[in-house]
Amino acid sequence: MINIRSEREIALIKEAGHINFLAHEYIEQFLKPGITTKEIDEKINDFVTKHGGICSCYQYEGFPGYSCISINDEVVHGIPGKRKIKNGDIVKLDFTVRKNGYESDMTKTYIIGTVPKEIENLVINTKKALYEGLKVIKAGNKIGDIGYAISSYAHKCGLSVVTELVGHGIGSDMHEEPEVPNFGEKNTGKTLKSGMVLAIEPMLNLGSKEVYMLDNNWTIKTDDESYSAHFEHTIVVRENGCEILTGE
Ligand code: MF3
Ligand code: CO
Ligand code: CO
């Protein structure tokens, strides 16, 4: 069942989403070479908690961090720990904020210091791919339209699309129906309706699309060790477009 959220519920998701957005803004100043992913994770949790939210990734199906911190060829679900970030890394911070019983989900990829042009373009174009996906969201369009928009933009940029992981409905639970693949065909799949709340999250690779899971049973990496970027927003479907709930 795909939930249709009331304006009251949407406002609550937006409240959680705003804390998520602010936490991303706040953490940026600390993303300097030498900081460990555990330190980043704790700062995110402190900020979210101070603002009345809960980092609901913590202990979600046993996940041991407050946030997912994935570096370079790690695609998603990196576990915070002793690793220090360094110049030339790209760091993906993906976390959910729960408040008043409602969830938001947001990811950004951060560039540490300077990276080769090719990697900078990967990051820029993954963000653009997310917005290409958001552009086609409105009541009456289909789930497949989103994946088509994202994947055709990615391929135009010479990037591959991770297909093992998908976007999702979100609301009272972090993961709800429907699945929102980052690939697809126009005019296929379920019809978008006003009030559906979705997390849209392209994961794009510089090399091949193939990925595997580490022994820790969480972290996903690219097979060929190529870098991967990820951006995510929580949005609500409207009659004439979509509204970002993880924003200002
Ligand atoms: N935030 C992730 C997503 O985009 C889910 C993380 S689940 C966790 O769907 F357990 F790893 F935190
Ligand atoms: Co997420
Ligand atoms: Co998500």
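For the structure, see preceding data.
1. Description of the nonpolar core
If you look at the biggest cluster of nonpolar residues, it comprises 27 residues, and the most contacted ones within it are Ile137, Ile146, Leu198 and Ile200. Taken together, the elements giving at least two residues each to this core come down to helix 3 (117-135), helix 4 (143-156), strand 9 (197-200) and strand 14 (233-238). The element that contributes the greatest number of residues to this core is helix 3, accounting for six residues. In contact with Ile137, not counting residues within four places along its chain, are Ile146, Leu192, Ile200, Ile235, Val237, Gly241 and Cys242. One finds Ala23, Ile40, Leu93 and Val97 within the second-largest nonpolar core, a separate group that totals 20 residues.

2. Some thoughts on the sheet that holds strand 15 (residues 241-244)
One open sheet accounts for five strands, arranged 8-7-9-14-15; its pairing is antiparallel. A strand with exactly one partner marks an edge of an open sheet, and here the two such strands are strand 8 (176-180) and strand 15. Going from strand to strand, the sheet's axes swing by 30 degrees on average, the running direction of each strand aside. Direction of pairing for strand 9 relative to strand 14: antiparallel, over a ladder of four bridges. Following the sheet pairing, Val197 is matched in strand 14 by Val236. Along the sheet face, helix 1 (residues 7-27) touches strand 9, strand 14 and strand 15 and points at about 160 degrees away from the line of strand 14. Across the sheet, helix 3 is in contact with strand 9, strand 14 and strand 15; its angle to strand 14 comes to roughly 15 degrees.

3. Describing the packing of aromatic side chains
Taken as a whole, this structure holds four aromatic pairs when the rule is applied. Measuring from centroid to centroid gives 4.7 Å for Tyr58 and Tyr66, while their planes differ by 25 degrees, and the two rings are stacked. Taking the relative accessible area as the measure of exposure, Tyr58 reaches 39% and is therefore partly exposed. Between the aromatic rings of Phe63 and Trp218, the centroid separation amounts to 5.0 Å while the plane-to-plane angle is 85 degrees, which identifies the pairing as edge-to-face. Here Phe63, found in the loop between strand 1 (54-55) and strand 2 (68-71), pairs with Trp218, found in the loop between strand 11 (211-213) and strand 12 (220-222); they are 155 residues apart in sequence, far enough to count as distant.

4. Describing the environment of Asn217
With respect to the helices and strands, the residue Asn217 is situated in the loop between strand 11 and strand 12. A relative accessible area of 56% places Asn217 in the exposed class. A sequence separation of 140 residues divides Asn217 from His77, and the C-alpha atoms of the two residues are 9.4 Å apart.

5. Looking at the coordination of the cobalt ion (ligand 2)
Six octahedral donors at a metal ideally form angles of 90 or 180 degrees, and four tetrahedral donors ideally form angles of 109.5 degrees. Taken together, the protein donors to the cobalt ion (ligand 2) comprise Asp94 (OD), Asp105 (OD) and Glu232 (OE), at separations of 2.0 to 2.1 Å. In primary sequence terms, the donor set of the cobalt ion (ligand 2) follows D-x10-D-x126-E. Taken as a pair, the cobalt ion (ligand 2) and the cobalt ion (ligand 3) lie 3.2 Å from each other and share Asp105 as a ligand. One end of the pair, Asp105, is in strand 5 (residues 102-111); the other, Glu232, is in the loop between strand 13 (228-230) and strand 14, and 127 residues separate them in sequence. Exposure class is identical for Asp105 and Glu232. Each is buried.

6. Details of the layout of surface pockets
Of the pockets and cavities examined, the largest pocket occupies roughly 410 Å³. For the largest pocket, the lining is made up of 22 residues, of which His77, His168, Met174, His175 and Glu201 are closest to its centre. Within the residue set of the lining of the largest pocket, elements represented by two or more residues are strand 4 (90-99) and strand 8. In the lining of the largest pocket, the residues fall into 10 nonpolar, five polar and seven charged.

How each quantity is defined
Residues numbered from 1 in each chain as written. Chains lettered and ligands numbered in written order. Predicted model: local features only at pLDDT ≥ 70, side-chain atom pairs only at ≥ 80, totals over all residues. Heavy atoms only, no water. Core = buried A, V, L, I, M, F, W, Y, C linked by side-chain atoms within 4.5 Å. Buried < 20%, exposed > 50% of the residue type's maximum accessible area, 1.4 Å probe, protein only. Helix = DSSP H or I, 4+ residues; strand = E, 2+ residues; numbered from the N terminus. Contact = heavy atoms within 4.5 Å. Pairing = 2+ DSSP bridges. Axes fitted to C-alpha atoms, helices over the stretch in contact; angles between N-to-C directions. Phe/Tyr/Trp six-rings, centres within 6.5 Å; stacked < 30°, edge-to-face > 60°. Donors = N, O, S within 2.8 Å, 3.2 Å for Na, K, Ca; no water. 1 Å grid on protein atoms, 1.4 Å probe; cavity = no way out; pocket = protein on both sides within 12 Å on 5 of 7 lines; lining within 4 Å. Points joined across faces, edges and corners; volume = space filled by probe spheres on them. Nonpolar A, V, L, I, M, F, W, Y, C, P; charged D, E, K, R; others polar.

From the geometry alone we can't say anything about function, so treat these as descriptive.
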